[in-house]
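Coordinate analysis (summary)
Here's the letter readout for the chains.
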Amino acid sequence: MILTDHETKVDLLNNKAISTTIISLLRERPDRPVTIGVHGDWGAGKSSVLEMIECGLSGKEEVLCLKFNGWRFQGFEDAKIALIEGIVTGLLEKRPTLTKAADAVTDVFKRIDWLKVAKNAGGLALTAFTGIPTPDQIGAIVSTLEGMLANPGQLATKDNLSSAINDVKGLLKPSETKNVPEEVEAFRKAFDKLLKDAGVEQLVVLIDDLDRCLPDTAIETLEAIRLFVFTARTAFVVAADEAMIEYAVRKHFPDLPETTGPRDYARNYLEKLIQIPFRIPALGETETRIYVTLLLVGAELGEDDVGYGELIKAARARLKRPWESAPLDAAAVKTALGANASKAHNALMLSDQIGPILASGAKGNPRQIKRFLNTLLLRQKTADARGFGDEIKLPVLAKLMLAERFLPRLFDQIATVAVTHPGGRCTDLAALEMLGGAAGNGKHPSSSSAKTRAVDGKVPKVAAAAEVIPESAILTEWKSSQSILAWARVQPPVANIDLRPYLFATKDKKDYFGPASVLGHLATVAEKLFGPKLSVQALEPELKLLAQPEAEKLFEAVRTKIMSGDTFDIQPAGIEGMVVLVKAQPGLQGSLIDFLHALPSSRCGPWVLGGWQSALKDADALARMSRLLDDWSKVTDNLMLKIAAEAAIKTPKGGR
């Protein structure tokens, strides 16, 4: 059950409103040329909107709808030629009776050949306005080719060259010589006549994936569109991320000044071409939860299932006013799916569980949401195939993956502790999850969880543990983050769950098991950094040989182990090793200051003030340390630290 990432005519995002509005605008004045933009980030659903537009126009005989994907044609031919010739070729394919209109077809292709001559005859620069070579350029091409006949080895064959000369001469006769504006107007008239002969009231060209193209390809395609902008009966719908197109404009025209008045040239260029812009909005929390439900139910039942179609209708009704509506619930699913409602149980549970964080973390991007769900489902299937699938509960895996994807530091901290715990648990999570539940509305957000809090007058293990576990430094760090507290509110609680099977299921990104897996050859070094002062100092030459990524990994391992302790009134083991590591690797000075800043000042003894200067050499690090000393000198809940900090400010000491 893997979710495909192809464009679809099945609207799960309520984007049909956009496609319907665009079709209405197109058909309002079919004789008027217009260019419409469908904008949005990659994965926002632009291609699906184009599919819906094509589907909505498919039954209208008077409308000819063609699709063009610039990305697929990239590298094969000049994008300008590919688009123009593709439009005419598509017109002939869908209106085969046009072959009888030989003169009109010949006239249009003759003018297209002008572009091919410029492209195939040495890469002559085309005019910026039209892309069509001038008569002088054509004459130069002919002269150049004729001059090369004396040395046919310069080209593939003499026959090919002779043929090329004849073709070029055939494009331009002295009696037909015109200036560029006249040639542009002639092309437009020829093309308009071709549409009339084809019985086409309106030609709609859908341009997709333009923002995936290289800058030159994107600009060439836009320049080709400009050629048609004033051609009657022709409309373009361009799907692209505005930021990527603006980037392409800046890259293609590097010598242009950055701004003109209040807007920059890149934005002006796009707005000149795109007359009517539509931007696909990001999904909110309710929309994300409905989207997740529909995706998973559709993958389970299939898009052709009758009940699934009814569920989509129910979803659309709620999506009309998402700021007032609730996500799909069990009652709505039961009404739509009937006997198949049980198959949607996981979908409902997951949408309720991960919807809020997925909406904010993925910024409402449908593709990112699909990628998350696919990774979730793939890991579950992999666990089944490896024989430990019964130990993987999808809601637990989903909650951990939310941390992995959007709070990677939290995930690393949980994993580092859990893999060393005899039961595979992270004990600090008990207090965090209780706090997360209380931070919302005074109780745990799950009613079923609330029921378990006082059964027969007994407090469950999670709650009891949270009340007696002393607050560690790592928990203090977590409590200061609203994002982490929001994650803690996600159901189900995972504090009393053996997390090792889940961490093994996520090892496709990082393996947390065993010293050799976590730190590789650095595992032994990390262990030595918690040893006596003299033995730690002897490691400095070895530590200097570490690459920066290795040093960062080693520092994080030491930091996590120190922070997972529950008292700081005396110097914890590992501090001496941390100082020596930073002395050997000066690039870690900022990380050391971050570590000191995260310490709970209310519980720290005077040891935090001594000796850091031996590891801190950079001006920025010293300035940050000075500010930290000043902060410590002003604390009101730790008199001993306050006095010691005031003394340290007056008399800075050398150190370790």
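Residues numbered from 1 in each chain as written. Predicted model: local features only at pLDDT ≥ 70, side-chain atom pairs only at ≥ 80, totals over all residues. Heavy atoms only, no water.

**Regarding the overall build of the protein**
Let me state the cut-off plainly: In DSSP terms, a helix is any run of H or I states spanning at least four residues, a strand is any run of E spanning at least two, and both are numbered starting from the N terminus. Exposure is judged per residue with a 1.4 Å probe applied to protein chains only, and the accessible area is read against the type maximum: over 50% gives exposed, under 20% gives buried, and values in between give partly exposed. Only heavy atoms matter for contacts: two residues are in contact if any of them lie within 4.5 Å across the pair. Methods summary: accessible areas were calculated by the Shrake-Rupley approach with a probe of 1.4 Å, and residue burial reflects only the protein chains presented.
When helices and strands are tallied, the protein shows 33 helices and seven strands. For the protein, with 656 residues in total, the buried portion stands at 46%. Looking at the protein alone, contacts between residues at least 24 apart form 77% of all its contacts between residues at least 6 apart. Approximately 31500 Å² of the protein is accessible, and the part contributed by carbon and sulfur atoms is 54%.

**Focus: the sheet that holds strand 3 (residues 202–208)**
Our working definition: Each pair of strands is called paired provided DSSP finds at least two bridges between the two strands. For helices, the fitted line uses only the C-alpha atoms of the stretch in contact; every axis is such a line through C-alpha atoms, and the angle between N-to-C directions lies from 0 to 180 degrees.
A sheet is described by the order of its strands in space; here five strands give the open sequence 2-3-4-1-7, paired in parallel fashion. Whereas interior strands pair on both sides, the edge strands pair on one side only; in this sheet they are strand 2 (63–69) and strand 7 (276–279). If you compare each strand with its neighbour and ignore which way they point, the axes differ by 15° on average. Looking at chain direction, strand 1 (residues 34–39) and strand 4 (residues 234–239) are connected through five bridges and run parallel. Within the sheet, the bridge partner assigned to T35 lies in strand 4 and is F236. Across the sheet, helix 9 (residues 215–228) touches strand 1, strand 2, strand 3 and strand 4, and the angle it forms with strand 4 is around 155°.

**Focus: the pattern of salt bridges**
Close approach of charged atoms allows side chains of opposite charge to pair. Convention followed: Each reported salt bridge corresponds to a side-chain nitrogen of Lys or Arg within 4 Å of a carboxyl oxygen of Asp or Glu.
For the structure on display, the rule yields 19 salt bridges. One salt-bridge network, held together by shared partners, links R409, E477, E556 and R559.

**Re the environment of L66**
Assignment of secondary structure puts L66 in strand 2. A relative accessible area of 8% means that L66 is categorised as buried. Sequence spacing of L66 and I207 is 141 residues, and the spatial spacing of their C-alpha atoms is 8.8 Å. Excluding its chain neighbours within four sequence positions, the residues that come into contact with L66 are I87, G90, L91, K94, L203, V204, V205 and L206.

**A look at the pairing of strand 2**
Most of strand 2 sits out of view: six of its seven residues are buried. Here seven bridges tie strand 2 to strand 3, and the two strands are oriented parallel to one another. From the neighbouring strand, L64 faces strand 3, where its bridge partner is L203.

**Quick look at the nonpolar core**
If you look at soluble globular proteins, the nonpolar side chains tend to sit buried side by side. Under the convention used in this document: Here the nonpolar core consists of buried residues drawn from Ala, Val, Leu, Ile, Met, Phe, Trp, Tyr and Cys, with membership extended through side-chain atoms lying within 4.5 Å.
If you look at the biggest cluster of nonpolar residues, it comprises 71 residues, and the most contacted ones within it are L294, L429, L432, W478 and W487. Residues contacting L429, with those up to four places away along its chain left out, are I414, W478, W487, V494, A495 and L499. Core analysis: the second largest hydrophobic core is formed by 44 residues, L529, L539, V579 and M625 among them.

**With respect to helix 11 (residues 265–273)**
Spelled out, the test is: Arc, as used here, means the arc of the directions from the helix axis to the C-beta atoms.
Burial in helix 11 covers these residues: A266, Y269, L270 and L273. One side of helix 11 carries all its buried residues, which in axial view fall inside an arc of 95°.

**Remarks on the confidence of the model for the protein**
The criterion, for reference: Values of pLDDT, which run from 0 to 100, indicate the predictor's confidence residue by residue.
Per-residue pLDDT for the protein has a mean of 75; in total, 74% of the residues score no lower than 70. Mean pLDDT values for the elements of the protein range from 35 in helix 20 (residues 447–451) up to 92 in helix 30 (residues 575–584). Contacts from residues 167–179, a stretch scored under 50 in pLDDT, to residues over four places away or in other chains number 23 contacts. The low-confidence segment residues 438–470 (pLDDT under 50) makes 35 contacts with residues lying over four places distant or belonging to another chain.

**Considerations on the environment of W607**
For W607, the location among the structural elements is in the loop between helix 31 (589–598) and helix 32 (619–632). C-alpha separation for the pair W607 and L641, spaced 34 residues apart in sequence, amounts to 8.9 Å.

**Comments concerning the packing of helix 12 (residues 285–301) against helix 15 (residues 345–361)**
Under the convention used in this document: To sort the angles, those under 35 degrees are grouped as roughly parallel, those over 145 as roughly antiparallel, those from 65 to 115 as roughly perpendicular, and the leftovers as oblique. Note on convention: near helix rotated counterclockwise from far helix by under a right angle means a left-handed crossing. Clockwise means right-handed. Gly is placed with the polar residues, together with every amino acid not listed as nonpolar (Ala, Val, Leu, Ile, Met, Phe, Trp, Tyr, Cys and Pro) or charged (Asp, Glu, Lys and Arg).
Relative to each other, helix 12 and helix 15 sit at 140°, their axes nearing to 8 Å. The angle between helix 12 and helix 15 places the two elements in the oblique class. Considering only the axes of helix 12 and helix 15, their crossing is right-handed. Where helix 12 approaches helix 15, its residues E285, T288, R289, V292, T293, L296 and V297 are matched on the opposing element by A347, L348, L350, S351, D352, G355, P356, L358 and A359. Here the contact of helix 12 with helix 15 is built from residues that sort into nine nonpolar, four polar and three charged.

**Remarks on the packing of aromatic side chains**
Stated precisely, the cut-off is as follows: Only rings of Phe, Tyr and Trp enter the pairing, Trp through its six-membered ring, and a pair is recorded when the two centres are within 6.5 Å. The plane angle decides the type: under 30 degrees is stacked, over 60 is edge-to-face, the rest tilted. Here, a charge over a ring means that NZ of Lys or CZ of Arg falls within 6 Å of the ring centre while also lying within 35 degrees of the ring normal.
Tallied over the full model, the rule gives two aromatic pairs. Relative to F504, the ring of F388 lies with its centre 5.6 Å away and its plane at 75°, an arrangement referred to as edge-to-face. Of the two residues, F388 sits in the loop between helix 16 (366–386) and helix 17 (394–406) while F504 sits in helix 24 (residues 500–505), which places them 116 residues apart along the sequence. The buried category is assigned to F388, whose relative accessible area is 13%. Given a relative accessible area of 31%, F504 falls into the partly exposed group. One Lys or Arg, K561, reaches over the ring of F530 and ends 4.5 Å from the middle of that ring.

**Some thoughts on a nonpolar patch on the surface**
As a reminder, the rule being used: Exposure above 30% relative accessible area and the absence of a salt bridge qualify a residue for a patch, where like charges join within 9 Å and nonpolar side chains (Val, Leu, Ile, Met, Phe, Trp, Tyr) within 5 Å.
A surface patch of nonpolar side chains, about 300 Å² in accessible area, is lined by W42, M244 and Y247. Following the sequence through the fold, Y247 ends up in helix 10 (residues 242–252).

**Quick word on unusual backbone geometry**
A cis geometry characterises the amide bond from Q491 onward to P492, with omega recorded as 0°. The topology assignment puts P492 in the loop between helix 23 (482–489) and helix 24. Backbone geometry at R233 places phi at a positive 70°, although glycine is not the residue there. Structurally, R233 is set in the loop between helix 9 and strand 4.

**Some points on helix 16**
Here is the rule we go by: For a helix, the expected span equals 1.5 Å multiplied by the number of residues minus one.
Under the 1.5 Å per step criterion, the end-to-end length of helix 16 is 30 Å for 21 residues, consistent within 8% with the ideal 30 Å. Taken together, the buried positions of helix 16 are occupied by P366, I369, K370, F372, L373, N374, L376, L377, R379 and A383. Where helix 16 is buried, its residues meet helix 12, helix 15, helix 17 and helix 24. Count one or two residues on from helix 16 and you reach G387, which has phi positive near 95°.

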